[in-house]
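# Residue-level structural notes
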Amino acid sequence: MTLPEVQEGVNARLMPRSQLFLSAMIHSDNISAAIRLRDLSASGARVEGATLPAIGATATIRRGSLHASGTIVWRDRKGGGLHFESPLALDEWMPKQASRDQTAVDDMVELVRSGRAEVLPLSPPKVFRDILPQRLAEELAYVGRLLESLGDDLSAETLIVMRHAEKLQNLDIASQILGHVAALLIADQPERAIESISMGSLRKRLQRVSI
């Protein structure tokens, strides 16, 4: 990588960014995996995931019908930085503002929590049903992040690693599964998304015909 490319990546990291936690997929020549988008800006994003392309690799991120391509300009233990090849329409990637129907749902939830109402409406507005997969995906991704953080903390203890290496590996596997499932919930083409899952055992379980 040349010095101008490095400087370009550094400048992208310094630009104003929006703090968020969104599930997505990343695709490169030999990688297709679930990721989490963080610190998104028009010029780049910090991505987190167990499997990422190498520095200098060209990659495409996808979230539903949205996609953007760029170059991996830095990597660390948990993730890396993607510099977009063209400015991103940031407002299209950000979570949408609540509609009036969603506001009504949120108000009802608050009433229940405060004790001023006993039950939620029997038939939630359609907008709530439409955004539920997205919210479930974000919750699954959040749980995966918690497990990943726990695994990182436990792995720093030599005695725990010696005694519970297999269990720690299971934590990592659980975190990866949650990330893939979260990405599937919001995928426009779930069948194709399943095909791109890097975990062969999970892919086979999801594609099985019998229960």
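Residues numbered from 1 in each chain as written. Predicted model: local features only at pLDDT ≥ 70, side-chain atom pairs only at ≥ 80, totals over all residues. Heavy atoms only, no water.

## Details of the confidence of the model for the protein chain
As a note on interpretation, predicted positions should not be read in detail where pLDDT is low. Overall, the prediction assigns the protein chain a mean pLDDT of 75, with 73% of residues at 70 or greater. Confidence drops under pLDDT 50 across residues 1-19; counting only partners more than four residues distant or on other chains, this segment forms 26 contacts. Throughout residues 97-103 the model reports pLDDT below 50, and contacts reaching past four residues in sequence, or to other chains, amount to eight contacts. (pLDDT = per-residue confidence, 0-100. Contact = heavy atoms within 4.5 Å.)

## Some words on the sheet that holds strand 1 (residues 22-27)
The strand order around the closed barrel built from six strands is 1-2-3-6-5-4, with neighbouring strands paired in antiparallel fashion. Neighbour-to-neighbour, the strand axes of the sheet open up by a mean angle of 45°, direction not taken into account. Pairing of strand 4 (residues 58-63) with strand 5 (residues 66-75) involves six bridges; the strand directions are antiparallel. Bridge assignment links Arg62 to a residue of strand 5, and that residue is His67. (Pairing = 2+ DSSP bridges. Helix = DSSP H or I, 4+ residues; strand = E, 2+ residues; numbered from the N terminus. Axes fitted to C-alpha atoms, helices over the stretch in contact; angles between N-to-C directions.)

## Re the side chain of Glu48
With respect to the secondary-structure elements, Glu48 resides in strand 3 (residues 44-48). A polar atom in the side chain of Glu48 sits 2.8 Å from the side chain of Arg46. (Polar contact = N/O pair within 3.5 Å; in protein donor to acceptor, adjacent residues only side chain to side chain.)

## Side note on the nonpolar core
Grouped together as the largest cluster of nonpolar side chains are 18 residues, with contacts concentrated most on Ile26, Ile35, Leu37, Ile61, Phe84 and Trp93. If you look at the next biggest cluster of nonpolar residues, it comprises six residues, including Leu184, Ile194, Met199 and Leu202. (Core = buried A, V, L, I, M, F, W, Y, C linked by side-chain atoms within 4.5 Å. Buried < 20%, exposed > 50% of the residue type's maximum accessible area, 1.4 Å probe, protein only.)

## Quick word on the pattern of salt bridges
Per the stated rule, a full pass over the model turns up six salt bridges. Of the charged contacts in the structure, one is a salt bridge between Glu48 and Arg36, with a shortest N-O distance of 3.6 Å. With Glu48 in strand 3 and Arg36 in strand 2 (residues 32-38), this residue pair connects regions lying twelve residues apart in the sequence. The class for Arg36 is buried, based on a relative accessible area of 7%. Between Arg36 and Glu148 there is a salt bridge, with the nearest N and O atoms lying 2.7 Å from each other. Within this pair, whereas Arg36 is found in strand 2, its partner Glu148 is found in helix 4 (residues 126-155), the two being separated by 112 residues in sequence. Like Arg36, the residue Glu148 is buried in the burial classification. (Salt bridge = Lys/Arg side-chain N within 4 Å of Asp/Glu carboxyl O.)

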